[in-house]
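Residue-level structure breakdown
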Amino acid sequence: MTADDGAARRAPNPRHRVTFGVRAVAVGFLVGLVTLALAFAASWGPDAPGVFLLALLYGVGVGVITCLPFGIVLGLLLRPVANQWVHVGVFFAGFTLASFAVIALLSPSRVFLESLPIALIIGAAAALARASVWKLVRVQETEQATGPGAGP
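Residues numbered from 1 in each chain as written. Predicted model: local features only at pLDDT ≥ 70, side-chain atom pairs only at ≥ 80, totals over all residues. Heavy atoms only, no water.

Moving on: the packing of helix H4 (residues 84-106) against helix H5 (residues 116-132). At their nearest, the axes of H4 and H5 sit 7 Å apart, and the two run at 150° to each other. On the basis of the axis angle, H4 is roughly antiparallel to H5. Pair H4 / H5 crosses with right-handed handedness. Touching Gln84, His87, Val88, Phe91, Phe92, Phe95, Thr96, Ser99, Phe100 and Ile103 of H4 are Leu116, Ile118, Ala119, Leu120, Ile122, Gly123, Ala124, Ala126, Ala127, Arg130 and Ala131, all from H5. (Axes fitted to C-alpha atoms, helices over the stretch in contact; angles between N-to-C directions. Helix = DSSP H or I, 4+ residues; strand = E, 2+ residues; numbered from the N terminus. Parallel < 35°, antiparallel > 145°, perpendicular 65-115°, else oblique. Left-handed = near helix turned anticlockwise from the far one by under 90°. Contact = heavy atoms within 4.5 Å.)

Pasting the structure below:
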């Protein structure tokens, strides 16, 4: 193996304009988890600290099984898109729609719109989680061709 072989193997994929690592995934997951726990505990008054801790403990288990894989898949699918606002918007929409579908299917309520506020809170937490890792991801801008024969 030559030095050129190692450099070629580590060259970034030009289609992957946004790359993220374990640190970005962990920070995003924790921000989303804490945001949701705060949102769910906010309306409990004096019981809010206990509800917050309960939501954190319950949220870790549910989040690792559902939200973490979904967030990673969304992040991988969005690698070609350099605009991070698009990432934040897709995280909001994706998590809102997915949680709305799950809640509507599993809820004993027959009124779908009762599930919408919770789905919007989950979507907002996901968008905030993605926005929180803005500086932790690497964005590779496309290079403009310059020089002789580069075209107009």
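Now that the structure has been shown, the text picks up again.
Attention shifts here to H5. Given a rise of 1.5 Å per residue, 17 residues ought to cover 24 Å, and the 24 Å separating the end C-alpha atoms of H5 matches this to within 8%. Along H5, the residues that are buried comprise Ala119, Ile122, Gly123, Ala125, Ala126, Ala127, Ala129 and Arg130. Lining the buried residues of H5 we find strand E1 (18-19), helix H2 (22-41) and H4. (Expected span 1.5 Å × (residues − 1). Buried < 20%, exposed > 50% of the residue type's maximum accessible area, 1.4 Å probe, protein only.)

At their nearest, the axes of H2 and helix H3 (residues 48-77) sit 8 Å apart, and the two run at 140° to each other. By the angle class used here, H2 and H3 are oblique. In terms of crossing hand, the pair formed by H2 and H3 is right-handed. Across from Val25, Phe29, Leu33, Val34, Ala37, Leu38, Phe40 and Ala41 in H2, the residues of H3 making contact are Ala48, Val51, Phe52, Ala55, Leu56, Gly59, Val60, Gly63, Val64, Leu68 and Ile72. Tallied by class, residues from the contact of H2 with H3 come to 17 nonpolar, two polar and no charged. (Nonpolar A, V, L, I, M, F, W, Y, C, P; charged D, E, K, R; others polar.)

Here we come to the packing of aromatic side chains. The tally for this structure, following the rule as stated, stands at three aromatic pairs. Between Trp85 and Trp134, the aromatic rings sit 5.0 Å apart at their centres with planes inclined by 70°, giving edge-to-face as the arrangement. With a gap of 49 residues between them, Trp85 in helix H4 and Trp134 in the loop between H5 and strand E2 (138-139) connect regions that are remote in the sequence. You can call Trp85 exposed: its relative accessible area is 61%. Take Trp134: its relative accessible area is 28%, and that puts it in the partly exposed class. Look at Phe91 and Phe95: their rings are 6.0 Å apart centre to centre, the planes differ by 25°, and that puts the pair in the stacked class. Residue Phe91 and its partner Phe95 are both found in helix H4; the two are separated by four residues, about one turn of the helix. Pair check on accessibility: Phe91 and Phe95 agree, each one buried. Put simply, the rings of Phe70, Phe91 and Phe95 touch in pairs and so form one group of aromatic residues. (Phe/Tyr/Trp six-rings, centres within 6.5 Å; stacked < 30°, edge-to-face > 60°.)

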